Amino acid sequence: MEYNEKCPICGTENKQLNLDETNGWFICEHCGNEVNNLTRCKGVKVPVLNTVEELKKFCNIS
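Worth saying up front: this structure is predicted, and the values here are computed from it rather than measured. (Residues numbered from 1 in each chain as written. Predicted model: local features only at pLDDT ≥ 70, side-chain atom pairs only at ≥ 80, totals over all residues. Heavy atoms only, no water.)

> Would you explain the overall build of the protein in this entry?
The helix and strand tally for the protein stands at one helix and four strands. Going from N to C terminus, the protein has its helices and strands arranged as β-β-β-β-α. Counting only contacts in the protein whose residues sit at least 6 apart along the sequence, the fraction spanning at least 24 positions is 10%. When the accessible surface of the protein is split by element, carbon and sulfur atoms take 52% of a total near 5,200 Å². (Helix = DSSP H or I, 4+ residues; strand = E, 2+ residues; numbered from the N terminus. Contact = heavy atoms within 4.5 Å. Areas by Shrake-Rupley, 256 points an atom, 1.4 Å probe, with all protein chains shown as cover.)

Have a look at this one:
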């Protein structure tokens, strides 16, 4: 499927991009920067640890 995405750096609309194939990455046709549309990126969950105790528990430290 092809998408139209606006470059977050220069604002140029890039047309007919196959973002499924590149996990959301594209090179802007105007400024040349390599950018990622994070809504299509397959990522991993990162735990949020708010206290030292949570960190110790997460790392199995007494």
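> Before we go on, may I ask you to explain the nonpolar core in this structure?
One broad rule of soluble globular proteins: the nonpolar side chains tend to lie buried together. Tyr 3, Leu 17, Leu 19, Phe 26 and Val 35 together form the largest nonpolar core, which totals five residues. Setting aside residues up to four positions removed in sequence, Phe 26 forms contacts with Glu 5, Lys 6, Cys 7, Asn 14, Leu 17, Leu 19, Asn 33, Glu 34 and Val 35. (Core = buried A, V, L, I, M, F, W, Y, C linked by side-chain atoms within 4.5 Å. Buried < 20%, exposed > 50% of the residue type's maximum accessible area, 1.4 Å probe, protein only.)

> What should I look at first to understand the state of the cysteines in this one?
By definition, a disulfide links the sulfur atoms of two cysteine residues through a covalent bond. Across all of its chains, the model carries zero disulfides by this definition. For the unlinked cysteine Cys 7, the closest cysteine sulfur is that of Cys 28, found at 3.8 Å. With relative accessibility at 2%, the residue Cys 7 sits in the buried group. Lacking any disulfide linkage, Cys 10 is separated from the closest cysteine sulfur, that of Cys 28, by 3.6 Å. (Disulfide = S-S within 2.5 Å.)

> Would you mind showing me how to read the pairing of strand β2 (residues 13–17) here?
In summary, the side chains of a regular strand alternate between the two faces of the sheet. Two strands pair when backbone bridges link them, and strand β1 (residues 3–6) and β2 are joined in this way by three bridges, in the antiparallel orientation. Bridge pairing in β2 links Tyr 3 to Leu 17. Where β1 folds back onto β2 in an antiparallel hairpin, the turn is made up of six residues, including Gly 11, whose phi is positive at roughly 85 degrees. (Pairing = 2+ DSSP bridges.)

> Is there a simple way to explain a nonpolar patch on the surface in this structure?
Taken together, the side chains of Leu 49, Leu 55 and Phe 58 make up a nonpolar region of the molecular surface, amounting to roughly 280 Å² of accessible area. By the element assignment, Phe 58 lies in helix α1 (residues 52–58). Looking at Phe 58, the relative accessible area reads 52%, which means it is exposed. (Patch = residues over 30% accessible without salt bridge, like charges linked within 9 Å, V, L, I, M, F, W, Y side chains within 5 Å. Salt bridge = Lys/Arg side-chain N within 4 Å of Asp/Glu carboxyl O.)

> Help me understand unusual backbone geometry in this model?
Excluding glycine, a negative phi dihedral is what most residues carry, and trans is how most peptide bonds are arranged. Even without being glycine, Gln 16 reaches a positive phi, approximately 55 degrees. Assignment of secondary structure puts Gln 16 in strand β2. The exposure class of Gln 16 is exposed, given its relative accessible area of 59%.

Keep in mind that these numbers describe shape and distance, not what the molecule does.
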